[in-house]
Structures are given as C-alpha cells and as structure tokens.
Amino acid sequence: MLNILKDLFKKESSPAEGMTPDGRLASDLWVDQPDAHQRLQRMTRKGEVRPEQAERLAHFVDKGYLTFSLDLPERVYSQVQADVDRVWREKPGDLAWANQGPLRSFVEADEARDRKPSYRIADLFTHSEAALELYLSRTVFEHVELILGQPAVATQALYFEYGSQQGLHRDPVFVQAKPASHLVAAWIALEDISPRCGPLVYVPGSHRLPYYQFEPGEHRYDQGRYGEAETRAMAEFDRQQVADRSLASEVFTCKRGDVLIWHASLLHGGSIVEDTSLTRRSYVVHFSTLAHHKMRKQRILERVLLENREAVDRPRIFETDRLLTRNGCHGLDNPMRGYEPPL
C-alpha cells in the first residue's frame, strides 16, 4: 500500500515527461516557442524561408495550420482512384482497411458491405504508384521540414473516399511519436470538396489548449485501459476548453490539390456527411522527425482458425524500419508488405 501511495503522489505532484505543468504538450519545435515570430523573421532575412512560405508559417504559429495548392498533373488523381477500384477487386492481403473499428486485412473486405462513408485504407502506396507520389511529395515535405526544423519522415498514410465523420480530436492522443510534439499531418484533397460531403473540420488556435489527462500527466489513449466513458470525458473537456476561449470551428472546402498541414495539437475531425451520395476523396499523411522516428508499427485484427476449426479474431502487430526514398524525401514502408493472411 505504501508503494502505491508513493506512486500516486509522484504522478500528482510532478508533470509527466512530454507535458508542461499547465497540461499542454511540451515542445522543442521553434513554432511553439514564445519568440516564434522573431525566429521566423530571422529565417526569412537569411533566405532560409521564401516570403510566401513565411506568410504560411506565421499563420501556422498563430492558428495551428497552413494551406497551399499542389501543382500535380490530372493523371495522379485519376490513377489514385483507379488503384482504389482495383484493390477493392483484388483485395490484397498486405493492405489494411477499416470502417470505424480496428484495421483488418483487405482479404476480409466486402465491397457491397464495407465501401461506405467513414472507411479508410492504410498505406495505399503499397499498391499505388500515384499514392506513393503523394506520400513522398517534395512540396509537402518542404513545408513539413520548415515546421519541424529538421529532416522529416512520413510515418503513415490514410486514404478516405468519403467523409470520415470523426469527432474533434488531437493526433498525439492516438498517434505515437517520440517526442510527442514531433508530429505533423497533411490533408490532401483528391477532388473538389463541397460543404455537404463531410469536409475536414478544425478549430483554429486550439493547438494552444491544454490536453485532457486520462490519468495525472497522461494524455495518450490506451485502448487496453480506457473505453467509451473516457472518450466522452475527453470530448467534453475539449468542448469546454474551446467554449471558454470563444474559439470557432471552420470547415475546409477547397479545390482538388489543395493541402492543409496542421499542428499535432490542433483539434480536427470530419464534419457530418449531409449527402451520402457524395464522395470526399482525400489522402492524409503523418510525419515525424527522421532522427527520432526509426520504426513503424501497425496493429490489425487477424482472423485465424483454432484447432476446433472455429474462426476467431486476434490482434497482431507488424513492424518495419524500411525506408522508401524519393527526391530526398523519406517515408517508412507499410509494415504489412508481403503479408499473407492465414485465412
């Protein structure tokens, strides 16, 4: 009992590693420092940042996101969609997908049942050269590396055909990075995005807000320990923080090729799909620092047969340290590459 009380006292009396005393994510990134605008001015004067980039980065510092447009040929967008149609036909075992729940191998997917709003495909670049071009986009990397202040690595990619309808959340709660602040994400529109298709929604300025703590000093969601009650409590905490500071959400209606890069702590999600006949094709890439992020893990539910021939689901974790490189850009490979499901 004494040891338990000591542990509790330690947790309550000192902030956990990676968090500030007021509950915000600790960060060594220049964009999170009090003198960020002065640093940006010096970088611009030295020619390290172009004027148009400086304007975007200033907005990132204040609001937690920036936007720009990619100048890509039409073939990239049409090829991504053709490849999505193909993987639904071929159902490769080493590609993962999910619809609300945990990721599974594509061999378990049923197009009539599962190709609907909120589904996602992980690491489509495994079976799509066009998706790989987006995963390792030099233009996107330039902005990400200016934010991180050092070489970056793409750590995972998600394709969405319809609006995700995800509630407002912050990536470090669910996406692993060490340090946790070394995390940036890019959302790329693969078609024109209208208000009724469930566009990306975010809360400008929310990257400065404190985090909900599941336990003293713990901001990360552990699905083995927490459930629906903790998720609701976190959502309510975030809503109250936003209301207390009179922050307002915005939706990202945009043109094909537009990119939104957001701060790890920015509250974001997917708005309600008002017209389910509409698609919202998009590609999301998460990034971290190349010096710190050396390994990629992927957890799926794998269907296996027991000795009595009963089919059951069990969790399985894949890992890889293999890097894909193009035009000076680095991305961790799909950990499931080459996987053949047991069923």
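Residues numbered from 1 in each chain as written. Predicted model: local features only at pLDDT ≥ 70, side-chain atom pairs only at ≥ 80, totals over all residues. Heavy atoms only, no water.

Further remarks concern the overall build of the protein. When you go through the protein residue by residue, the secondary structure sums to nine helices and 15 strands. Computed over its C-alpha atoms, the radius of gyration of the protein comes to 21 Å, within 12% of the 20 Å expected for a compact globule of 343 residues. With the principal axes as the frame, the protein shows a C-alpha extent of 65 × 60 × 40 Å. Counting across all 343 residues of the protein, residues that qualify as buried make up 50%. Here the analysis covers contacts within the protein between residues at least 6 apart in sequence; of these, 76% occur between residues at least 24 apart. Accessible area for the protein stands at about 16,700 Å²; split by element, carbon and sulfur atoms hold 49% of it. (Helix = DSSP H or I, 4+ residues; strand = E, 2+ residues; numbered from the N terminus. Rg over C-alpha atoms; globule rule 2.2 N^0.38 Å. Buried < 20%, exposed > 50% of the residue type's maximum accessible area, 1.4 Å probe, protein only. Contact = heavy atoms within 4.5 Å. Areas by Shrake-Rupley, 256 points an atom, 1.4 Å probe, with all protein chains shown as cover.)

This part is about helix 9 (residues 228–244). Its 17 residues give helix 9 an end-to-end C-alpha distance of 24 Å, which sits within 8% of 24 Å, the value for a rise of 1.5 Å per residue. Those residues of helix 9 lying buried are Met 234, Asp 238, Gln 241 and Val 242. Summarising the axial view, the buried residues of helix 9 lie within an arc of 100°, below the 170-degree limit, and thus occupy one face. The exposed residues of helix 9 that point more than 90 degrees off its buried face are Glu 228, Arg 232 and Asp 244. Where the residues of helix 9 are buried, they touch helix 8 (171–174). Just beyond helix 9, the residue with positive phi is Ser 246, at close to 55°. (Expected span 1.5 Å × (residues − 1). Arc of directions from axis to C-beta.)

For the coordinates displayed, the defined rule picks out 16 aromatic pairs. Aromatic side chains Trp 88 and Trp 97 sit 6.5 Å apart centroid to centroid with 55° between the ring planes, which places their arrangement in the tilted category. Taken individually, Trp 88 and Trp 97 each receive the classification buried, so the pair is uniform in this respect. Measuring from centroid to centroid gives 5.8 Å for Phe 214 and Tyr 221, while their planes differ by 65°, and the two rings are edge-to-face. Judged by its relative accessible area of 11%, Phe 214 is buried. For Tyr 221, a relative accessible area of 23% puts it in the partly exposed group. Taken together, the ring pairs connect Phe 174, Tyr 212, Phe 214, Tyr 221, Tyr 226 and Phe 237 into an aromatic cluster. Across the ring face of Phe 160, the terminal group of Arg 280 is positioned such that the distance to the ring centre comes to 5.8 Å. (Phe/Tyr/Trp six-rings, centres within 6.5 Å; stacked < 30°, edge-to-face > 60°. Lys NZ or Arg CZ within 6 Å of the ring centre and 35° of its normal.)

Attention shifts here to helix 2 (residues 36–45). Among the residues making up helix 2, those that are buried are Ala 36, Leu 40 and Met 43. Projected down its long axis, helix 2 carries its buried residues within an arc of 60°, all on one side. Of the residues flanking the end of helix 2, it is Gly 47, one or two places downstream, whose phi is positive at about 80°.

By the element assignment, Phe 252 lies in the loop between strand 8 (250–251) and strand 9 (258–263). Accessibility expressed as a relative area gives 8% for Phe 252, which makes it buried. The sequence separation of Phe 252 and Gln 53 amounts to 199 residues, and the corresponding C-alpha distance is 20 Å.

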